[in-house]
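# Summary of structural features
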Amino acid sequence: MRTFDYSPFYRATVGFDRVFDLLDSVSSQAGANGYPPYNIEKAGDNAYRIVMAVAGFAEAELNVTQKENELLVTGQTAPANGQEEKQFLYRGIAGRNFERRFQLADHVKVTGAKLANGLLTIELQREIPEEKKPRAIPVVAGSQAALTH
């Protein structure tokens, strides 16, 4: 495992402790086995898309949950309902249970999820509240500033 020293960044930043903690947790995240494979796409200025290859899973076997700044995607294969266990000569489609976590930035919300052709597509949108958007601060001359206070 590779570790990074973030101390040089602390000298020039204020209030970014959470970012460095997040980087540490993501780099040391257990279970990063690469299953199922996925893509993260930028669909617009404030729109993102996660596409996961979930071949063999039905809609009812997939669960997408957002809790604060974490997105959790799980897949649980349904047990065979009275059917015999299949005997495989070769099994190339994994179809095993999985749990995949994604850390989301502030104000990123899941707007939808769909399953088509073995791909689970999760749509995300960054919605910055009006009070968090940049605003211009007027600069007034010294004599006018004293009158406004």
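Let us look at the sheet that holds strand S3 (residues 62-67). Taken in spatial order, the 3 strands of this open sheet run S3-S4-S5, and their pairing is antiparallel. The two strands at the open ends of the sheet, each matched to only one other strand, are S3 and strand S5 (98-103). Across this sheet, the average inter-strand angle for adjacent strands is 15 degrees, counted without regard to direction. In this sheet, S5 lies alongside strand S4 (residues 70-75) in antiparallel orientation, the contact comprising 6 bridges. Bridge pairing in S5 links Thr-74 to Glu-99.

Here the focus is the environment of Glu-59. Within the secondary structure layout, Glu-59 lies in the loop between strand S2 (47-53) and S3. When its relative accessible area of 63% is taken as the criterion, Glu-59 is described as exposed. The spatial distance from the C-alpha of Glu-59 to the C-alpha of Leu-115 is 6.7 Å, given a sequence separation of 56 residues.

Reading guide: rules and limits
- Residues numbered from 1 in each chain as written.
- Predicted model: local features only at pLDDT ≥ 70, side-chain atom pairs only at ≥ 80, totals over all residues.
- Heavy atoms only, no water.
- Pairing = 2+ DSSP bridges.
- Helix = DSSP H or I, 4+ residues; strand = E, 2+ residues; numbered from the N terminus.
- Axes fitted to C-alpha atoms, helices over the stretch in contact; angles between N-to-C directions.
- Buried < 20%, exposed > 50% of the residue type's maximum accessible area, 1.4 Å probe, protein only.

Function-wise, these values are silent; they only describe arrangement.
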